[in-house]
Amino acid sequence: MKLYCLSGHPTLPCNVLKFKSTTIMLDCALDTTSVLNYLPLPLVHSPRLSKLPGWISKDGTINLEKKELLDLSTIDVILISNYHCMMALPYITEHTGFTGTVYATEPTLQIGRLLMEELVKFMERVPKAQSATCWKNKEIQRMLPGPLKDAVEVWTWKRCYSMQEVNSALSKVQLVGYSQKVELFGAVQISPLSSGYSLGSSNWIIQSHHEKVSYVSGSSLLTTHPQPMDQSSLKNSDVLILTGLTQMPTANPDGMLGEFCSNLAMTIRAGGNVLVPCYSSGVIYDLLECLYQFIDSANLGTTPFYFISPVANSSLEFSQIFAEWLCHNKQTKVYLPEPPFPHAELIQTNKLKHYPSIHGDFSSDFKQPCVVFTGHPSLRFGDVVHFMELWGKSNLNTIIFTEPDFSYLDALAPYQPLAMKCVYCPIDTRLNFHQVSKLLKEVQPLHVVCPDQYTQPPPSQSHRSDLMLELQPPPMPYRRCSVLNLPFRRCYERVYILPELANSLVPSELKPGVSVANVSAILHSKDNKHTLQVTAPAPPSKKRKRVVEEPPVGGAPKPLLSGAVPLEPFLATLQKHGITEVKVEETTDGHILHLQAEDTLIQLEEDGTHIVCDNNEPLRTTIRDLVLRFLQKL
């Protein structure tokens, strides 16, 4: 069993597990932090950005050879844990020769589709007049300004996919429900479990008849809108692959929500506007719910809230219709009937309005001061770029970062000098190190495999030993482009026996409760299922041959032997038969007996006994008969 690590980002995982002749990709997240190396893409003309000089180099031809750790066309299935971990799916299914199946829950598929559609529309709304690729040449790259000159493997960076590629990729997804068991080629069984992190988010169980692997990615024990995490099903795992822990282990999500609300209220009261760069699904549901409870007490009832995204309407609707994927309290509301999320009431009372972009109806409805939720959290594309240009010059306005995926200082860099206030309230509900340590003590896997980053404290807080995994035995760490041989071997395989063959067996009891029988059969293997079948008689030959019948030696088949040869009783038996000069040597597998006078060796091992005796057949036969006294014949 091997694990291939294709991602160096612990919260954006992409691993491949080879298990019992199946090749399984575990997530295919897209690392978009490289966009921070670029200037923002404004929706309307920006004089400030347009005046910045471009970098000019001599043109040239580049011939790059891409080396891969793994041939992605050999992947049989892809398991998706949540909608943030499927954003690279079109690159894999459409450009690598992939012919397998993708498994995900329905909310993961539908919200993942929205996030991909949003990304594509953000890019297509601001097409570039020209594209450049020559800068990816290593000789040219080293002359670029930082941080591009230090970027790793820039030749692997891709252009954004199209909606046609998105639709083609998602057509390969097969929907599964929690605890549903799906058999893969008769070799292993997969089953998703609720991970408690987002709508439809899953951990995965991958097991055969005798081995069990758990994949834990992006999980949460906090009480938010999704179904709670299923912990009990993770017990008795041979290997637990752990990834997707919180990026903010020292930031309490409840505390961050309180800080978010208080900073928002202070800005609005001072006559300023609040900009919240966010994804179109996920934390925004919790932010809107928090604000719903906070608006009246903070006297913000007349403040307009705007949610701007190409998929804003669909995201808000989807959150209300996936009732069976919600926590118990929100499921109960559906049957009252009430909308499970309070943003439905905010929309009905016109306190929350949503728009596909800043153009159209938004332009006529726009009132200030206000709160705007929009993307992208990187501040490099999407409607957020327009608001940064519009509001950045006033210190009355505030930008509040809630998404932890990007460095807020790097995100703000192209907009400096900036007058608007900046507040960093990262909200990450995924497991922290204390929670995951407690979880692992409860489920007790034999082995834990995790990113190398989890086995040591963060570089900026090297004294914090509580911000790392300390387990016994220590976890097996992996890095990007590493291949791990997972620490257990398959010891058993299930074999089925046909009834007619079973009826012909004559078991012999070895000890109470344990019987064995001699079996002569044909082993038939198909689709990783093994069956013992009755041996068929050989068909008669058409050619006439002379047949010479030979009676079987001894008149019966050679018996099978069972048991072990005990050392001390065997030495006593040898002495009774005149063999007294015996030197005993202990080995890792048993003992070696050197009969010095007879120049003979006897190897006593757990699974066999060997007699090395040259040119003395009578002695060898005698020792064999003495050995047989201690063994049981079947």
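Residues numbered from 1 in each chain as written. Predicted model: local features only at pLDDT ≥ 70, side-chain atom pairs only at ≥ 80, totals over all residues. Heavy atoms only, no water.

**Remarks on the sheet that holds strand 30 (residues 608–612)**
No. 1: Sheet architecture is open: four strands sit in the order 27-28-29-30, paired in antiparallel fashion. Because the sheet does not close on itself, it has two edges, and the strands there are strand 27 (582–586) and strand 30. Averaged over all neighbouring strand pairs, the angle between strand axes comes to 15°, with direction disregarded.
No. 2: Sheet topology places strand 29 (residues 600–605) next to strand 30; five bridges connect them, and they run antiparallel. When the bridges of strand 30 are listed, glutamine 603 appears paired with histidine 610.
No. 3: Contacts from helix 16 (residues 567–576) reach strand 27, strand 28 (590–595) and strand 29 within the one sheet, and its direction differs from that of strand 28 by about 15°. (Pairing = 2+ DSSP bridges. Helix = DSSP H or I, 4+ residues; strand = E, 2+ residues; numbered from the N terminus. Axes fitted to C-alpha atoms, helices over the stretch in contact; angles between N-to-C directions. Contact = heavy atoms within 4.5 Å.)

**Some details on the UniProt feature "domain: Beta-Casp" (unreviewed entry) in the protein chain**
No. 1: Within this numbering scheme, the UniProt entry marks residues 284–412 as carrying the feature "domain: Beta-Casp" (unreviewed entry).
No. 2: Note that residues 284–412 is 40% helix and 12% strand, and that its end C-alpha atoms are spaced 21 Å apart. (UniProt positions renumbered as here; feature names shortened; annotations may be inferred.)

**Things to note about the environment of isoleucine 427**
No. 1: Position of isoleucine 427 among the secondary structure elements: in the loop between strand 17 (421–424) and helix 14 (433–443).
No. 2: As for isoleucine 427 and proline 377, which are separated by 50 residues in sequence, their C-alpha atoms are 13 Å apart.
No. 3: When near neighbours in sequence (up to four residues on either side) are disregarded, isoleucine 427 contacts Pro253, Met256, Leu257, Val283, Leu287, Thr402 and Pro404.

**A few points about the sheet that holds strand 3 (residues 22–26)**
No. 1: With mixed pairing, seven strands are arranged side by side in an open sheet as 6-5-4-3-2-1-20. Edge positions in the sheet fall to strand 6 (173–175) and strand 20 (483–485), since each has one partner strand and no second. In this sheet, neighbouring strand axes are inclined to one another by 25° on average, regardless of whether the strands run parallel or antiparallel.
No. 2: Here three bridges tie strand 1 (residues 2–5) to strand 20, and the two strands are oriented antiparallel to one another. Within strand 20, the position partnered with leucine 3 by the bridge is leucine 484.

**Notes on the pairing of strand 9 (residues 202–207)**
No. 1: The buried fraction of strand 9 is high, at five of six residues.
No. 2: Pairing of strand 8 (residues 188–194) with strand 9, which is carried by six bridges, proceeds in the antiparallel orientation. Residue pairing for strand 9: proline 192 is matched across the bridge by tryptophan 204.
No. 3: Note that strand 9 and strand 10 (residues 212–217) share four bridges and pair antiparallel. Bridge assignment links isoleucine 206 to a residue of strand 10, and that residue is valine 213.
No. 4: In textbook terms, the turn of a hairpin is the stretch between consecutive antiparallel strands, and for strand 9 and strand 10 this stretch comprises four residues. (Buried < 20%, exposed > 50% of the residue type's maximum accessible area, 1.4 Å probe, protein only.)

**Considerations on the packing of aromatic side chains**
No. 1: The tally for this structure, following the rule as stated, stands at 18 aromatic pairs.
No. 2: With 5.5 Å between their ring centres and 15° between their planes, phenylalanine 318 and phenylalanine 322 make a pair best called stacked.
No. 3: Through a chain of ring-to-ring contacts, the aromatic side chains of Tyr306, Tyr355, Phe362, Phe366, Phe387 and Trp391 assemble into a single cluster.
No. 4: Positioned above the aromatic ring of phenylalanine 341 is the side chain of lysine 330, whose terminal nitrogen or guanidinium carbon lies 4.8 Å from the ring centre. (Phe/Tyr/Trp six-rings, centres within 6.5 Å; stacked < 30°, edge-to-face > 60°. Lys NZ or Arg CZ within 6 Å of the ring centre and 35° of its normal.)

**With respect to the pattern of salt bridges**
No. 1: Evaluated as defined, the whole model comprises eleven salt bridges.
No. 2: As a salt-bridge pair, glutamate 289 and lysine 330 come within 3.1 Å of each other at their nearest N and O atoms. Of this pair, glutamate 289 sits in helix 7 (residues 283–294) while lysine 330 sits in helix 9 (residues 328–334); the two residues are 41 residues apart in sequence, bridging distant segments of the chain.
No. 3: The exposure class assigned to glutamate 289 is buried, which follows from its relative accessible area of 19%.
No. 4: By relative accessible area, lysine 330 is classed as buried at 7%.
No. 5: With a shortest N-O distance of 2.9 Å, arginine 430 and aspartate 428 are connected by a salt bridge. (Salt bridge = Lys/Arg side-chain N within 4 Å of Asp/Glu carboxyl O.)

**Some words on helix 7**
One turn of the α-helix equals 3.6 residues, which is why residues spaced by three or four share an orientation.
No. 1: The end-to-end C-alpha distance of helix 7 is 16 Å, a good match for the 16 Å that twelve residues give at a rise of 1.5 Å each.
No. 2: Burial of helix 7 is extensive: nine of the twelve residues sit out of reach of the surface.
No. 3: Listed as buried for helix 7 are Val283, Ile284, Tyr285, Asp286, Leu287, Leu288, Glu289, Cys290 and Leu291. (Expected span 1.5 Å × (residues − 1).)

**A word on unusual backbone geometry**
No. 1: Geometrically, the link from glutamine 368 to proline 369 is a cis peptide bond, its omega value of 0° lying close to zero.
No. 2: Locating proline 369 in the fold gives a position in the loop between helix 11 (361–365) and strand 15 (371–374).
No. 3: For the peptide bond that leads from glutamine 416 to proline 417, omega is 0°, which places it in the cis range.
No. 4: One can find proline 417 in the loop between helix 13 (408–412) and strand 17.
No. 5: Look at aspartate 527: it is not a glycine, yet its phi comes out positive at around 50°.
No. 6: Positionally, aspartate 527 belongs in the loop between strand 24 (521–526) and strand 25 (529–534).
No. 7: On the basis of relative accessible area, aspartate 527 is assigned to the exposed category, the value being 54%.
No. 8: Even without being a glycine, aspartate 599 presents a positive backbone phi close to 50°.

**Focus: helix 14**
No. 1: Restricting attention to buried positions, one finds in helix 14 the residues Phe433, Gln435, Val436, Ser437, Leu439, Leu440 and Val443.
No. 2: Where helix 14 is buried, its residues contact strand 11 (239–243) and strand 18 (447–451).
No. 3: Put simply, asparagine 432 is the residue that caps the front of helix 14, since its side-chain oxygen is 3.2 Å from the backbone nitrogen of histidine 434.
No. 4: One or two positions beyond helix 14, positive phi appears at glutamine 444, with a value near 50°. (Polar contact = N/O pair within 3.5 Å; in protein donor to acceptor, adjacent residues only side chain to side chain.)

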